[in-house]
Amino acid sequence: MKVPAWFRHSAQIARTERIRTQRQLGRSSTLRAIIAIVVVGLAVASGFGVYTFGSALRHGQDTLPLETLQIAVTMGCLALLVGFVQRTSKLGERVDTDHLLTTVPAHEVVLGVVLAVAARTATRVSLTAVSVAIGFAVGTGAPASAFTILVAVAGLFALTALLGVALSFAVQLVTTRSPRFRRYKNALIVIGFFLVLGGWTAIDLDQLTSGFLRRWLTSLPTAWFVDLGLLGSPSIQSGRLRSLGAFALVAGGIPVVTVVTTALATRVWETEPVSSAVLHRSRSLVGDGLEERLFAGHVSRPVLTVARKRWLQKRRVPRALLMAGYVFLLVLLVVIPALAAGGVRLAPLLVAFVLAAESGLAFGLAPVATEYSSLPMTLTSSTGKQFVRGTLLAGVAIGTPVTGLATFGLGVLGPPGVFESVLLGVTGVGLSVCAITVAAAVGMGVSYRDLVAAPVPLTSSTMYGEIGGAGFVRMGKLLGLVALVCSPAVVGYLSVVFDPVSTMLGVPAVAVRVGSLAVTIGLAVGVSTVAYRRAVRLYDDYTLV
């Protein structure tokens, strides 16, 4: 059968990109061989494991965890989608569209991009999919299930790849019109991947989600493909209507997404990017903005100028956005295990700790690095009190209301009463101020000679930072001190503590919890005072030699 010319052209584009990738410097043939061995080994192991499980199902020795399987498929699709978006973005930087569009239509180039993006992943997925389909069919004694599983996997994979390419072109179209979004797009991809991992972690904690997240994920269209795959197994109850919906989604969705992707790609290739100069024109730090209306007359002009400069820097270089990755790791390693051990009553305090840490990391931890290019002028034009107060104002105005309201809201929605929730909100405010103040004190200890120019991860911007792991050490100091301040309240909110203490003292359990909040608030005030004085002193004594 003769292959259509349009498909041959698209396949040639994909083949050219594959060869170009293989010929890149640093590509190790040994690493490729190891990856191939791992993929084959995973396929064989998966097939054998599914065969054993299918045999157990056929003999009634086990049951199919349908809900878990649907959630796993949904999360796997989200992870693939993030990968396809990122890979399409990288591929778009290499493809010579100016040349290709003079020889072939746009839809052939788009199909070539889709094939190039999906080819490597498709090879690895197909081996495992075929092995699993055969193993499940033989194990359950339902040969038709091998066909339905492969149809479901192929349809879902093709639709996910097309959606990933479409989303990538949509992002590229926005970035051609918005230089600001151009700086954020890679960071958003990484945060999207963090959210995928965080969602999967939260699913395992039924006591935190009350089953809502599970029910929502199992109702998404991606979960329908599990029913489609199991349609060939008569002994397994699958949703026939959902199976039909999955098939219709592939049959109707692929043409629609293809048309949309082609339209987006055409707009991207024909649109002239807007210059960054359109956005980054000079701006006065003492103009008539929202900050002026809110704070003028309440804070001095030097303090407000320092704060406005910090807000402008955070908008232009999304350092605060990138810090979300570190806070996410903090959630995975600390908050979720603590919630699982202490129950939902701890949620307001742990959320307050996370948001306070985020505010400190984003606004207070690198005052010298952010001022590096103009540090001599800053040191001679503002006093220590003015600079530190401006830094605190920048962080407190953004982070403290969010932390206080989130803590109070979780308290109202949870077991605590209204009075206790108000105190929780005050505790959140105190932790936020404490974190920003401690961060300023820790950050002012950076030596001018230890700072070097370095690119900000995932952006095209350059900022000054410390060499080696000194920055992570300072981050650890900040998190450790804030955790120490927060610890009395956390301990006081553990049922293994407040129940026996209230019995021993003959007071209500709420009195014990309120007392622990009072201790944390007192610690936050004391530590903030000491940190503020230290930050001012370090600024006034700062030298450039």
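Just so it is clear, the structure is predicted and the values come from calculations on it, not from any experiment.

Visitor: Can you walk me through the packing of helix α10 (residues 221-229) against helix α11 (residues 240-270) in this structure?
Guide: If you want to describe how two helices pack, look at the angle between their axes and the distance between the axes. For the pair α10 and α11, interaxial distance at closest approach is 7 Å and the crossing angle is 115°. As judged from the angle between their axes, α10 and α11 are roughly perpendicular. In this structure, the crossing between α10 and α11 has a hand that is left-handed. When α10 is examined against α11, the residues P221, A223, W224, F225, D227 and L228 are found in contact with a partner set consisting of R242, S243, G245, A246, F247, L249 and V250. Tallied by class, the residues present in the contact of α10 with α11 amount to nine nonpolar, two polar and two charged.

Visitor: For this particular structure, what's the right way to read the pattern of salt bridges?
Guide: For the coordinates displayed, the defined rule picks out four salt bridges. Residues D227 and R242 are paired through a salt bridge, measuring 3.0 Å at the closest nitrogen-oxygen approach. One end of the pair, D227, is in helix α10; the other, R242, is in helix α11, and 15 residues separate them in sequence. In this structure R242 comes out as partly exposed when scored by relative accessible area, which is 25%. A salt bridge links E371 to K309, with the shortest nitrogen-to-oxygen separation between them at 2.9 Å.

Visitor: What should I look at first to understand the nonpolar core in this one?
Guide: Nonpolar side chains in soluble globular proteins tend to be buried together. If you look at the biggest cluster of nonpolar residues, it comprises 38 residues, and the most contacted ones within it are L349, L365, L431, V438, L478, Y493 and L517. Among the elements of the structure, α15 (347-364), α18 (384-413), α19 (418-443), α20 (470-492) and α22 (509-540) are those that each provide at least two residues to this core. For this core, the element with the most residues is α19, which contributes 11 residues. Apart from the residues within four sequence positions on either side, Y493 is in contact with R345, L346, L349, E420, L424, F498, R513, S516 and L517. By size, the runner-up hydrophobic cluster in this structure holds 24 residues, among which are A161, V257, A265 and V268.

Visitor: Looking at this model, I keep getting lost on α20. Mind explaining?
Guide: Note: α-helices contain 3.6 residues per turn, so residues at a spacing of three or four share the same orientation. Here α20 contains 23 residues, and its C-alpha end-to-end distance of 34 Å stays within 8% of the 33 Å for a straight helix at 1.5 Å per residue. The largest bend in α20 amounts to roughly 45° and is located at C486, with the proline P488 lying one to four residues further along. Every buried residue of α20 is accounted for by R474, M475, L478, L479, V482, V485, C486, A489, V490 and G492.

Visitor: I tried to follow the packing of aromatic side chains on my own but got confused; where do I start?
Guide: Two numbers describe a pair of aromatic rings. These are the distance of the centres and the angle of the planes. Evaluation of the coordinates by the stated rule reveals three aromatic pairs. Summarising the aromatic geometry, the rings of F84 and F157 are spaced 5.6 Å apart at their centres and angled 85° between planes, so their arrangement reads as edge-to-face. With F84 in helix α3 (residues 66-92) and F157 in helix α6 (residues 144-177), the pair connects residues that are 73 residues apart, well separated along the chain. Arranged with centres 4.8 Å apart and planes meeting at 15°, the rings of F387 and Y539 form a pair that is stacked. In this pair, F387 is assigned in helix α18 and Y539 in helix α22, connecting sequence segments 152 residues apart. In this structure, F387 and Y539 share a single accessibility class: buried. It is R513 that lies over the ring of Y493; its NZ or CZ is 5.8 Å from the centre.

Visitor: Help me understand the side chain of S243, please; the structure alone is not making it clear to me.
Guide: Secondary-structure assignment places S243 in helix α11. Residues contacting S243, with those up to four places away along its chain left out, are W224, D227, L228 and L231.

Visitor: Just to check I follow, could you spell out a nonpolar patch on the surface for this structure?
Guide: There is a patch of nonpolar side chains on the surface, built from F48, Y51, V130, I134, V138 and L150 and spanning about 550 Å² of accessible area. The set of elements that each furnish at least two residues to the nonpolar patch consists of α2 (29-58) and α5 (106-140). Of note, F48 is situated in helix α2.

Visitor: Even after reading the chapter, I still don't get the packing of α19 against α20, so can you show me in this structure?
Guide: Taken N-terminus to C-terminus, the directions of α19 and α20 make an angle of 150°; their axes are 10 Å apart at the nearest point. Between α19 and α20 lies a crossing whose hand is right-handed. Of α20, the residues touching α19 (which contributes L431, C434, A435, V438, A439 and V442) are R474, L478, L481, V482, V485 and C486. Residue composition of the contact of α19 with α20, grouped by class: 11 nonpolar, no polar and one charged.

Visitor: I would appreciate a short explanation of the confidence of the model for the protein chain in the present structure.
Guide: Reading predicted coordinates in detail is not appropriate for stretches of low pLDDT. Residues with a pLDDT of 70 or more make up 78% of the protein chain, whose mean pLDDT is 78. Segment residues 204-210: pLDDT under 50, and 11 contacts once partners within four positions in sequence are set aside and those in other chains are kept. For the stretch residues 278-282, pLDDT sits under 50, and the model shows six contacts to residues farther than four places along the chain or on other chains.

What counts as what
Residues numbered from 1 in each chain as written. Predicted model: local features only at pLDDT ≥ 70, side-chain atom pairs only at ≥ 80, totals over all residues. Heavy atoms only, no water. Axes fitted to C-alpha atoms, helices over the stretch in contact; angles between N-to-C directions. Helix = DSSP H or I, 4+ residues; strand = E, 2+ residues; numbered from the N terminus. Parallel < 35°, antiparallel > 145°, perpendicular 65-115°, else oblique. Left-handed = near helix turned anticlockwise from the far one by under 90°. Contact = heavy atoms within 4.5 Å. Nonpolar A, V, L, I, M, F, W, Y, C, P; charged D, E, K, R; others polar. Salt bridge = Lys/Arg side-chain N within 4 Å of Asp/Glu carboxyl O. Buried < 20%, exposed > 50% of the residue type's maximum accessible area, 1.4 Å probe, protein only. Core = buried A, V, L, I, M, F, W, Y, C linked by side-chain atoms within 4.5 Å. Expected span 1.5 Å × (residues − 1). Bend = angle between axes of the 7 residues up to and from the residue. Phe/Tyr/Trp six-rings, centres within 6.5 Å; stacked < 30°, edge-to-face > 60°. Lys NZ or Arg CZ within 6 Å of the ring centre and 35° of its normal. Patch = residues over 30% accessible without salt bridge, like charges linked within 9 Å, V, L, I, M, F, W, Y side chains within 5 Å. Areas by Shrake-Rupley, 256 points an atom, 1.4 Å probe, with all protein chains shown as cover. pLDDT = per-residue confidence, 0-100.

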